[in-house]
Amino acid sequence: MRRTVAKVSRGVKHAATHLKEFFDACAKARVITSDRISAYQAERLEQGAKPATVNYELAVLRRAFRLGGRAGKVAARPEIQMLHVENTRKGFFEPEQYRTVVKHLPEYLRPLAAIAYITGWRAMSELLSRQWRHVDLAKGWLRLDPGESKNGEGREFPFTPDMRSVLEAQREIVRTIEREQACVIPWVFVQADGSRIKDFRWAWRKACKDAGVPGRLVHDFRRTAVRNLERAGVPRSAAMRMTGHKTEAVYRRYAITDSAMLQEAATKLAAFHVADSNSPS
């Protein structure tokens, strides 16, 4: 959390520097018009800034206007049109790629990768924070309490056979560490010594490089899980509740259609036409 706050703080400070240079730190809000904002966008792009960077800087400006309006210091806010950004990542793991990466991960990280691959839950904020009280081994549910997810809503994911196997094995591993160290470990995913996993980025990057898929993200598991749910024919309403996508628009962005899915669709279509032609008229 401290690392995230620090990162956001640096980003806001960097954005404010560029905004002050262009608009003048002492400029009145009324002189920052839509035309001036468009000019700012053009100048920043000429300087080599990426559209996403310019949008972030303007988001800071828009926030400043909103706060000024709430305080009664700004009578009107200019319209701020964001630049179009076409940088949506489309990475996902094929089953063999996933298995190869897992083989190169340290053993203590493999259960985490397995559950992220199946559920599509966010590894850092949603899985590493799981405690055993969130795991119902008897009934077969993995749970996020309200307020723990990005959208603030609670969530449950029913066990698949692979999930059950992984979590039951992990429960035994943690119990063994607890007996050896005479302590209670609340966390589901831990290091070999029983301590909580806090950061695994270096191990992840190395595993991906050794597996021949450098540059892949743990977040690609989220896209992969959505695609697998689509391939499996899970109703979208149920899939969205399982993965935690609040809007269908965001879910569709993750539901990547690849060549294998298109071929499968063509096979199903062909089977339909065969059945239709053979049916009595």
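Everything quoted here is computed from the prediction, not taken from an experiment.

Asker: I would appreciate a short explanation of the environment of Arg227 in the present structure.
Answerer: Secondary-structure assignment places Arg227 in helix 9 (residues 220-231). Look at Arg227 and you get buried, because its relative accessible area is 0%. For Arg227, the side chain forms a polar contact with the main-chain oxygen of Phe93, separated by 3.2 Å.

Asker: Would you explain the environment of Ala64 in this entry?
Answerer: Positionally, Ala64 belongs in helix 3 (residues 51-70). Overall, the relative accessible area of 43% leaves Ala64 in the partly exposed class.

Asker: Please clarify how the pattern of salt bridges should be interpreted in this entry.
Answerer: This structure, assessed with the given rule, holds 16 salt bridges. Of the charged contacts in the structure, one is a salt bridge between Glu57 and Arg44, with a shortest N-O distance of 2.7 Å. A residue pair is termed long-range when its members are at least 10 positions apart, and Glu57 in helix 3 and Arg44 in helix 2 (residues 34-46) qualify at 13 residues. Comparing Glu57 with Arg44 shows no difference in burial state: the two are buried. Ionic pairing is found between Glu178 and Arg171, a salt bridge with its closest N-O pair at 3.5 Å. The class of Glu178 is buried, set by a relative accessible area of 15%. The structure contains a network of salt bridges with shared partners spanning Glu94, Arg227 and Arg231.

Asker: How should helix 5 (residues 110-119) be read in this particular structure?
Answerer: Helical geometry note: an α-helix holds 3.6 residues per turn, so side chains three or four residues apart project in the same direction. Within helix 5, nine of the ten residues are buried, leaving the element largely enclosed by the surrounding structure. Among all positions in helix 5, only Pro111, Leu112, Ala113, Ala114, Ile115, Ala116, Tyr117, Ile118 and Thr119 are buried. One or two residues past the end of helix 5 sits Gly120, with phi positive at roughly 75°.

Asker: In this structure, what is going on with the packing of aromatic side chains? I would like to understand it.
Answerer: Centre distance and the angle of the planes are the two values used to describe a pair of aromatic rings. In the structure shown here, the tally under the stated rule is ten aromatic pairs. Here the aromatic rings of Phe22 and Tyr40 are separated by 5.3 Å at their centres, their planes lie at 75°, and the arrangement is edge-to-face. Taken together, the residues span a long stretch of sequence, with Phe22 in helix 1 (residues 2-23) and Tyr40 in helix 2 at a distance of 18 residues. Of the two residues examined, Phe22 and Tyr40, each falls in the buried class.

Asker: Would you take a moment to explain the pairing of strand 3 (residues 155-158) for this structure?
Answerer: For a regular strand, side-chain orientation follows a simple rule: the groups alternate between the two sheet faces. Burial along strand 3 is one-sided: Arg155 and Phe157 are buried, while Glu156 and Pro158, pointing the other way, are not. Bridge count between strand 2 (residues 141-144) and strand 3: four bridges; the pairing is antiparallel. Bridged to Leu142 within strand 3 is Phe157.

Asker: It is not clear to me how helix 9 should be interpreted in this structure. Could you clarify?
Answerer: Compared with an ideal rise of 1.5 Å per residue, which puts twelve residues at 16 Å, helix 9 spans 16 Å between its outermost C-alpha atoms and is within 8% of the ideal. The buried count for helix 9 comes to nine of twelve residues, which makes it a mostly enclosed element. Every buried residue belonging to helix 9 is among Asp220, Phe221, Arg222, Arg223, Thr224, Ala225, Val226, Arg227 and Leu229, and all of these are buried. Looking one or two residues past helix 9, Gly233 carries a phi angle of roughly 80°, positive in sign.

Asker: For this particular structure, what's the right way to read the sheet that holds strand 1 (residues 135-136)?
Answerer: Pairing between sheet strands relies on hydrogen bonds along the backbone, with the strands arranged either parallel or antiparallel. Pairing is antiparallel in the open sheet, where three strands are placed in the order 1-2-3. In the strand order of this sheet, the two ends are held by strand 1 and strand 3, each with one partner.

Asker: What is the right way to look at the nonpolar core in this model?
Answerer: If you look at soluble globular proteins, the nonpolar side chains tend to sit buried side by side. Residues Phe200, Trp204 and Phe221 are the most contacted members of the largest nonpolar core, which totals 46 residues. Looking at this core, the elements with two or more residues in it are helix 4 (95-104), helix 5, helix 6 (123-127), strand 2, helix 7 (161-181), helix 8 (201-210), helix 9 and helix 10 (236-243). Per element, the largest residue contribution to this core is seven residues, and it comes from helix 5. With sequence-adjacent residues up to four places away left out, Phe221 is seen in contact with Phe93, Tyr98, Ala113, Ala116, Tyr117, Gly120 and Trp204. Core analysis: the next-biggest nonpolar cluster, separate from the first, contains 15 residues, Phe22, Ile37, Val54 and Leu58 among them.

Asker: Mind showing me how you'd approach the pairing of strand 2 here?
Answerer: Going residue by residue along strand 2, you find Leu142 and Leu144 tucked away on one face and Trp141 and Arg143 left uncovered on the opposite face. Where strand 1 meets strand 2, two bridges bridge the pair, whose relative direction is antiparallel. Across the sheet, Val135 pairs through a bridge with Leu142, a residue of strand 2. Remark: four residues form the turn of the hairpin made by strand 1 and strand 2, two consecutive strands paired antiparallel; Gly140 in that turn has positive phi of roughly 80°.

Definitions and limits used
Residues numbered from 1 in each chain as written. Predicted model: local features only at pLDDT ≥ 70, side-chain atom pairs only at ≥ 80, totals over all residues. Heavy atoms only, no water. Helix = DSSP H or I, 4+ residues; strand = E, 2+ residues; numbered from the N terminus. Buried < 20%, exposed > 50% of the residue type's maximum accessible area, 1.4 Å probe, protein only. Polar contact = N/O pair within 3.5 Å; in protein donor to acceptor, adjacent residues only side chain to side chain. Salt bridge = Lys/Arg side-chain N within 4 Å of Asp/Glu carboxyl O. Phe/Tyr/Trp six-rings, centres within 6.5 Å; stacked < 30°, edge-to-face > 60°. Pairing = 2+ DSSP bridges. Expected span 1.5 Å × (residues − 1). Core = buried A, V, L, I, M, F, W, Y, C linked by side-chain atoms within 4.5 Å. Contact = heavy atoms within 4.5 Å.

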